[in-house]
Amino acid sequence: MTTFNPNLVLIDLDGTLVDSVPDLAFAVDHMMMALEMPQHGETKVRQWVGNGIEKLVKRALTDDMDEEPEAELFEQGLQIFKGSYAECNGRHSQLYDGVQDGLGWLKQEGFTVACITNKAQQFTTPLLDKLGILGEFELVVSGDSLPKKKPDPMPLLHSAAHFSITPSKALMIGDSMTDVKAARNAEFGAVICVTYGYNHGIDIREANPDSVIDSFAQLPQLLQSPA
């Protein structure tokens, strides 16, 4: 088994640490109901998440992965969604099995750990706090913290620079093609993906991450603790 020796570990949020779809689906269906449009349900929303709330709202309004809704409808829907999601954020979201222990091990072993997500900051911090893991991260970079978000390398390079760590000594842990692309674009040392999560129904192995895990509980088998 290949092992990695990073000085910095960056971790995605939705689909990697947290199953947030139940709350996202609630907000999507509330938006659709308010707009007098057909509701979608959790199964469909699960295929759409992972690229930020703007993309999620567009996909819900068009029932399509890439189609653009009318600008006025999008703005109206986005505001309704934000209000609803702010109210329910964290209500039904749950940490995936093994996450709590995995984060505890990373901290115990002395890894520098940051959370890098495309979720907007107004939803990221409350969710991490509500689930009791905000204190596990030395840095949190949200989707609107910087001018660009994943798969652009900017959030990853910003994080590495923040800790004065060379990108080749950094590791990304995520659940989607977006995370793999971001890590490759940033020339990170490695990217590990979880088998669960949100990758639009595509097996994450097709994205060719350096390793794949079923649970954060497997991290001690893959990572060498910093000296």
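Overview of the structure. This one's a predicted model, so the numbers in the text were calculated from it and none came from an experiment. (Residues numbered from 1 in each chain as written. Predicted model: local features only at pLDDT ≥ 70, side-chain atom pairs only at ≥ 80, totals over all residues. Heavy atoms only, no water.)

We now examine the overall build of the chain. When helices and strands are tallied, the chain shows 9 helices and 8 strands. For the chain, the C-alpha radius of gyration of 17 Å lies close to 17 Å, the compact-globule estimate for 227 residues. Considered along the principal axes of its C-alpha atoms, the chain spans approximately 60 × 30 × 30 Å. With 227 residues in all, the chain has 52% of them scored as buried. Expressed as a percentage of contacts within the chain between residues at least 6 apart in sequence, the contacts between residues at least 24 apart total 67%. Surface accessibility of the chain: about 10,100 Å² in total, with carbon and sulfur atoms responsible for 46%. (Helix = DSSP H or I, 4+ residues; strand = E, 2+ residues; numbered from the N terminus. Rg over C-alpha atoms; globule rule 2.2 N^0.38 Å. Buried < 20%, exposed > 50% of the residue type's maximum accessible area, 1.4 Å probe, protein only. Contact = heavy atoms within 4.5 Å. Areas by Shrake-Rupley, 256 points an atom, 1.4 Å probe, with all protein chains shown as cover.)

Turning to the packing of helix H1 (residues 21–34) against helix H3 (residues 53–62), a few remarks are in order. Where H1 meets H3, the closest approach of the two axes is 11 Å, and the angle between their N-to-C directions is 50°. One way to sum up the angle between H1 and H3 is to call them oblique. Crossing geometry of H1 relative to H3 is assigned as right-handed. For the pair formed by H1 and H3, the contact residues are Leu24, Val28, Met31 and Met32 on the first element and Leu56, Val57, Ala60 and Leu61 on the second. Residues that form the contact of H1 with H3 fall into these classes: 8 nonpolar, no polar and no charged. (Axes fitted to C-alpha atoms, helices over the stretch in contact; angles between N-to-C directions. Parallel < 35°, antiparallel > 145°, perpendicular 65-115°, else oblique. Left-handed = near helix turned anticlockwise from the far one by under 90°. Nonpolar A, V, L, I, M, F, W, Y, C, P; charged D, E, K, R; others polar.)

It is worth spelling out the packing of aromatic side chains at this point. Within the structure shown, the criterion is met by 4 aromatic pairs. Seen in terms of ring centroids, Tyr96 and Tyr196 are 4.2 Å apart; in terms of plane orientation they differ by 35°. Their pairing is tilted. Of this pair, Tyr96 sits in the loop between strand E3 (94–95) and helix H5 (99–108) while Tyr196 sits in the loop between strand E7 (190–194) and strand E8 (211–213), and the two are 100 residues apart along the sequence. The residues Tyr96 and Tyr196 share a single accessibility class, namely buried. Taking the centre distance of 5.6 Å and the plane angle of 40° together, the rings of Trp105 and Phe111 count as tilted. Ring-pair connections join several aromatic residues into one group, and the members of that group are Phe81, Tyr85 and Phe123. The ring of Phe26 carries the charged tip of Arg91 above its face, separated from the ring centre by 6.0 Å. (Phe/Tyr/Trp six-rings, centres within 6.5 Å; stacked < 30°, edge-to-face > 60°. Lys NZ or Arg CZ within 6 Å of the ring centre and 35° of its normal.)

As a further point, take the side chain of Ser211. Summarising the element assignment, Ser211 is placed in strand E8. Other than its neighbours up to four places away in sequence, Ser211 contacts Phe4, Val191, Ile192, Cys193 and Leu222.

This part takes up H1. Along an α-helix, a turn takes 3.6 residues, which lines up residues three or four apart on a common side. The end-to-end C-alpha separation of H1 is 20 Å, in line with the 20 Å expected for 14 residues at 1.5 Å each. Those residues of H1 lying buried are Val21, Pro22, Asp23, Leu24, Ala25, Ala27, Val28, Asp29, Met31 and Met32. Packed against the buried residues of H1 are strand E2 (18–19), helix H2 (42–48), H3 and helix H4 (71–88). Just downstream of H1, Glu36 is the residue with a positive phi angle, here 55°. (Expected span 1.5 Å × (residues − 1).)

Time to look at the pattern of salt bridges. Applying the stated criterion across every chain, the model contains 11 salt bridges. In this structure, Asp179 and Lys150 form a salt bridge, with 2.8 Å as the shortest nitrogen-oxygen distance. Linking Asp179 in helix H8 (residues 177–185) with Lys150 in the loop between strand E5 (139–141) and helix H7 (154–162), this pair joins segments that are 29 residues apart in sequence. Assigned by exposure class, Asp179 and Lys150 land together as buried. Beyond isolated ion pairs, a larger network of salt bridges with shared partners links Asp12, Lys150 and Asp179. (Salt bridge = Lys/Arg side-chain N within 4 Å of Asp/Glu carboxyl O.)

Judged by pairing direction, the sheet is parallel, and its 6 strands sit side by side in the order E5-E4-E1-E6-E7-E8 without closing on themselves. Each having just a single partner strand, E5 and E8 make up the two edges of the open sheet. Neighbour-to-neighbour, the strand axes of this sheet turn through a mean angle of 25°, independent of strand direction. With 3 bridges connecting them, strand E4 (residues 112–116) and E5 associate as parallel partners. Paired with Ile116 across the two strands is Val141, which belongs to E5. (Pairing = 2+ DSSP bridges.)

Within soluble globular proteins, side chains that are nonpolar tend to cluster in buried spots. Ile11, Leu17, Phe81, Leu106, Phe137, Phe216 and Leu223 are the most contacted members of the largest nonpolar core, which totals 54 residues. With 7 residues, H1 is the largest single contributor of residues to this core. In this structure, Phe81 is in contact with Leu24, Ala27, Val28, Met31, Ile53, Leu56 and Val57, ignoring residues within four places of it in sequence. Core analysis: the next-biggest nonpolar cluster, separate from the first, contains 22 residues, Ala114, Ala160, Ala170 and Ala207 among them. (Core = buried A, V, L, I, M, F, W, Y, C linked by side-chain atoms within 4.5 Å.)

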